[in-house]
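As a plain string of letters, each chain reads:
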2 protein chains.
Amino acid sequence: MEPKAFVEIMRPHNCILAGIVGILGSLVAYEGIPPVQKLILIFLVVYFGCSAGNTINDYFDVEIDKINRPNRPIPRGAITRKAAFYYGVLQYFIGLIIALLLGWSAFLFALGAYFLTFVYAWKLKPLPFIGNVTVALLTAATPIYGAVGVGRIDLAGYLAICAFLVNVSREIMKDIEDFEGDKRLGARTLPIMIGKKKSGIIASIFGFLTIISSFLPVKVGIGLGYLPIIIVDIMIAKASIDVLVNPEKAGKGQKILKFATFIAVISFLLGALTREV
Amino acid sequence: MEPKAFVEIMRPHNCILAGIVGILGSLVAYEGIPPVQKLILIFLVVYFGCSAGNTINDYFDVEIDKINRPNRPIPRGAITRKAAFYYGVLQYFIGLIIALLLGWSAFLFALGAYFLTFVYAWKLKPLPFIGNVTVALLTAATPIYGAVGVGRIDLAGYLAICAFLVNVSREIMKDIEDFEGDKRLGARTLPIMIGKKKSGIIASIFGFLTIISSFLPVKVGIGLGYLPIIIVDIMIAKASIDVLVNPEKAGKGQKILKFATFIAVISFLLGALTREV
């Protein structure tokens, strides 16, 4: 393996430009000049999302590149295919850890965009137009990411995070509930792939993460109307523990989460209305 | 066909809740109470994205639903499969027209999210975990959409729009450039599916849309440093007209667009720095 190829497979020029666009997003969204430290973090999160995506692209495209671009690192034998995969995943991880330093909104946004780069390379690339639009959407997400990274939509961002986490939990519980029917139909849901028990553990982890995240809005001064969130958290804790102990309770659990979501929406609404701006 | 089924296939409860979350996003992001008219528009854009997605889901899931949920509108014969498809597309259109009333950022965001609901129903749903995460991401996008709808990230949003449009144009030009190689490899790019000439027309439409959108930042008071954008617009116009007249110029066109993007980034940067806040 050639060490230089590990730089080349990232397509660094491409990623540096993307990183600059991220910084640009912060500059135009922020009133005044944002802290330089934040700008560096934003640059790095965008850089690694881009470089990881490019690396994973080369991993998936190896058969095409053998014919079309035999000089790329994998086809010319400078990096093994497996090494490229792990190297890409490593870059995703580095980027996500850096994103965490920018806060939860920036982390979740990065997770969503990173996820899309992976799905693009894996499934969307060969689709006419859909592939083109996905690339364009990812580019468009870059300046928005810069704005999110400097905290321009904090409370809406926290709401998004809670919505994301509780929905991952509930979707998995629904898949556990539908296990028998889905299996007969040959579906490939998470519980069918890794079992109900492990899926239950993942679903409850996301439940507990929702509870932790539900405290984030307090940081940016949500009003006292937000207090009913305590009831929501108790409901989510109940559903998560139930499913953790016995995955057969997933059906009941997902119904509890649905009802909890209703109350959470009301709490956020009351919290926003009682906020002192 | 039963008229009632056209309401049922939307899963209206589900969409109303999503619409409320959108409004909530605006309320928490906006300082003070946003104009009620905007809140109604935000509610409707979210509602129709959700209902169109649900409708298209039923269109793609008909075989599974025949076994699993024979009482859904399509399997029980209340709506034909084809009617469901067109009905879903109609809802997407209505939603996008309403999104336009909220401004370009809100339109593009809606376009991205709507697009993801379609890709989810079509391709991502059967993938373990990927499907779950997509649903959760769409839910998380809802409050962020509310924030965007009330103009919380305007300049970064305009930058995103220009980046999106120019990239769609450039990606299509690249596909026209790679036509011969891609065809030999059996790829299904846009030019291979609909021809180079038509693809060239689409690429140049996106180019012209970029030029129009490049004037948006002036509305929110970008500084005089933004003036070099005129050079960018001339370059984009040149590339778009070339490709419109002769799609064989796509290779050169996409290189011009790449270079134009560099200058555009610098213009935005200078414009942001020379802005009076």
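This structure is a prediction, so every number in the text was calculated from the model and none was measured.

1. A word on the overall build of chain A
(1) Moving on: Regarding its fold elements, chain A presents 14 helices and 0 strands.
(2) Moving on: Sequence-ordered secondary structure for chain A, helices as α and strands as β, is α-α-α-α-α-α-α-α-α-α-α-α-α-α.
(3) Moving on: Structurally, chain A occupies a C-alpha span of about 60 × 60 × 35 Å along its principal axes.
(4) Moving on: When each of the 277 residues of chain A is scored for burial, the buried share is 58%.
(5) Moving on: Here the analysis covers contacts within chain A between residues at least 6 apart in sequence; of these, 74% occur between residues at least 24 apart.
(6) Moving on: For chain A, the accessible surface area stands at approximately 12,000 Å², while carbon and sulfur atoms represent 69% of it.

2. Comments concerning the packing of helix 2 (residues 12–29) of chain A against helix 3 (residues 36–60) of chain A
Residues and elements named next belong to chain A.
(1) Moving on: One can describe the packing of helix 2 onto helix 3 by two numbers: an axis separation of 8 Å at closest approach and a directional angle of 145 degrees. The interaxial crossing formed by helix 2 with helix 3 has right-handed handedness. Of helix 3, the residues touching helix 2 (which contributes P12, N14, C15, I16, A18, G19, I20, G22, I23, S26 and L27) are L39, I42, F43, V46, Y47, C50, S51 and N54.
(2) Moving on: Each residue belonging to the contact of helix 2 with helix 3 can be placed in one class, and the counts come to 13 nonpolar, 6 polar and no charged.

3. Focus: the packing of aromatic side chains
All names here are of chain A.
(1) Moving on: Following the criterion strictly, the structure yields 28 aromatic pairs over all chains and no others.
(2) Moving on: Centroid distance F109 to Y145: 5.5 Å. Interplanar angle 55 degrees. Geometry classified as tilted. Here F109 is found in helix 6 (residues 104–124), whereas its partner Y145 is found in helix 7 (residues 130–149), with 36 residues between them in sequence.
(3) Moving on: Each member of the aromatic cluster is reached from another via a ring pair, and the members are Y59, F60, F85, Y86, Y92, Y114, F118 and W122.
(4) Moving on: Over the face of the ring belonging to Y59 we find R81, whose NZ or CZ atom lies 4.1 Å from the ring centre.
(5) Moving on: Over the ring of W122 we find K123, and its NZ or CZ is 5.2 Å from the ring centre.

4. Things to note about a nonpolar patch on the surface
All names here are of chain B.
(1) Moving on: A grouping of I201, I205, L209, I212, I241, L244 and V245 is seen on the molecular surface, where their side chains present a nonpolar patch of about 580 Å² in accessible area.
(2) Moving on: With 4 residues, the single largest contributor to the nonpolar patch is helix 11 (residues 196–213).
(3) Moving on: In this structure, I205 sits in helix 11.
(4) Moving on: For I205, a relative accessible area of 44% translates into the label partly exposed.

5. Considerations on the domain arrangement of chain A
Residue and element names in this part refer to chain A.
(1) Moving on: Domain parsing of chain A yields domain 1 (1–153) and domain 2 (154–276).
(2) Moving on: Summarising the inter-unit geometry, the C-alpha centres of domain 1 and domain 2 are found 29 Å apart.
(3) Moving on: Domain 1 puts 7 residues into the contact, and the matching count from domain 2 is 9 residues.
(4) Moving on: Counting the surface lost from both domain 1 and domain 2, the interface buries some 660 Å², and carbon and sulfur atoms represent 72% of this.

6. Some details on the environment of I241(A)
All names here are of chain A.
(1) Moving on: Within the secondary structure layout, I241 lies in helix 13 (residues 229–245).
(2) Moving on: A relative accessible area of 45% places I241 in the partly exposed class.
(3) Moving on: Taking C-alpha positions, I241 is 22 Å from M193, a pair spaced 48 residues apart along the chain.

7. Things to note about the pattern of salt bridges
All names here are of chain B.
(1) Moving on: Applying the stated criterion across every chain, the model contains 24 salt bridges over all chains.
(2) Moving on: Between E2 and R76 there is a salt bridge, with the nearest N and O atoms lying 2.9 Å from each other. Taken together, the positions of E2 in the segment before helix 1 (3–8) and R76 in the loop between helix 4 (62–68) and helix 5 (81–101) put the pair 74 residues apart, joining distant regions of the chain.
(3) Moving on: Residue classification places E2 among the partly exposed residues on the basis of a relative accessible area of 35%.
(4) Moving on: Here E180 and K196 are joined by a salt bridge, their closest N and O atoms 3.6 Å apart.

8. Re the environment of D233(B)
Residues and elements named next belong to chain B.
(1) Moving on: Checked against the element boundaries, D233 lands in helix 13 (residues 229–245).
(2) Moving on: On the accessibility criterion, D233 (8% relative accessible area) is buried.
(3) Moving on: Distance in space between the C-alpha atoms of D233 and T210 is 8.2 Å, their sequence separation being 23 residues.
(4) Moving on: Residues contacting D233, with those up to four places away along its chain left out, are I211, S214 and F215.
(5) Moving on: Looking at D233, its side chain comes within polar contact range of the side chain of S214, at 2.8 Å.

9. Describing the relation of the copies chain B and chain A
(1) Moving on: The two copies are related by a screw motion: chain B maps onto chain A through a turn of 180 degrees and a shift of 0.0 Å along the axis, at an RMSD of 0.0 Å. Put plainly, the chains are arranged around a two-fold axis.
(2) Moving on: Both copies share a contact surface, since 100% of the interface residues of chain B are interface residues in chain A too.

10. Describing helix 2 (residues 12–29) of chain B
(1) Moving on: Along its 18 residues, helix 2 of chain B runs 26 Å from first to last C-alpha, staying within 8% of the 26 Å computed at 1.5 Å per residue.
(2) Moving on: Of all 18 residues making up helix 2 of chain B, 14 are buried, and the element is well covered by its neighbours.

11. Describing the interface of chain B and chain A
(1) Moving on: Contacts between chain B and chain A engage 70 residues on the former and 70 residues on the latter.
(2) Moving on: A combined buried area of about 6,000 Å² lies between chain B and chain A, and 81% of that area is made up of carbon and sulfur atoms.
(3) Moving on: Inspection of the chain B/chain A interface yields 0 salt bridges.
(4) Moving on: Remark: the boundary between chain B and chain A carries 4 residue pairs in polar contact (both at pLDDT 80 or more).
(5) Moving on: In terms of residue class, the side of chain B that touches chain A is made up of 51 nonpolar, 11 polar and 8 charged.

12. A short note on the UniProt feature "transmembrane region" in chain A
(1) Moving on: The feature "transmembrane region", as annotated in UniProt, sits at residues 16–36, 40–60, 93–113, 129–149, 153–173, 199–218, 222–244 and 253–273 of chain A in this numbering.
(2) Moving on: The straight-line gap between the two end C-alpha atoms of residues 222–244 of chain A is 31 Å; of that span, 70% is helix and 0% is strand.

13. Quick look at the side chain of R72(A)
All names here are of chain A.
(1) Moving on: Within the fold, R72 resides in the loop between helix 4 (62–68) and helix 5 (81–101).
(2) Moving on: Its relative accessible area of 13% is what places R72 among the buried residues.
(3) Moving on: A polar contact of 2.8 Å, which involves the side chain of R72, links it to the side chain of D58.
(4) Moving on: With sequence-adjacent residues up to four places away left out, R72 is seen in contact with E8, I9, R11, D58 and D65.

Thresholds, definitions, all that
- Residues numbered from 1 in each chain as written.
- Chains lettered and ligands numbered in written order.
- Predicted model: local features only at pLDDT ≥ 70, side-chain atom pairs only at ≥ 80, totals over all residues.
- Heavy atoms only, no water.
- Helix = DSSP H or I, 4+ residues; strand = E, 2+ residues; numbered from the N terminus.
- Buried < 20%, exposed > 50% of the residue type's maximum accessible area, 1.4 Å probe, protein only.
- Contact = heavy atoms within 4.5 Å.
- Areas by Shrake-Rupley, 256 points an atom, 1.4 Å probe, with all protein chains shown as cover.
- Axes fitted to C-alpha atoms, helices over the stretch in contact; angles between N-to-C directions.
- Left-handed = near helix turned anticlockwise from the far one by under 90°.
- Nonpolar A, V, L, I, M, F, W, Y, C, P; charged D, E, K, R; others polar.
- Phe/Tyr/Trp six-rings, centres within 6.5 Å; stacked < 30°, edge-to-face > 60°.
- Lys NZ or Arg CZ within 6 Å of the ring centre and 35° of its normal.
- Patch = residues over 30% accessible without salt bridge, like charges linked within 9 Å, V, L, I, M, F, W, Y side chains within 5 Å.
- Salt bridge = Lys/Arg side-chain N within 4 Å of Asp/Glu carboxyl O.
- Domains from an automatic or database assignment.
- Buried area = accessible area lost by both parts, 1.4 Å probe.
- Polar contact = N/O pair within 3.5 Å; in protein donor to acceptor, adjacent residues only side chain to side chain.
- Least-squares fit on C-alpha atoms with pLDDT ≥ 70 in both.
- Expected span 1.5 Å × (residues − 1).
- UniProt positions renumbered as here; feature names shortened; annotations may be inferred.

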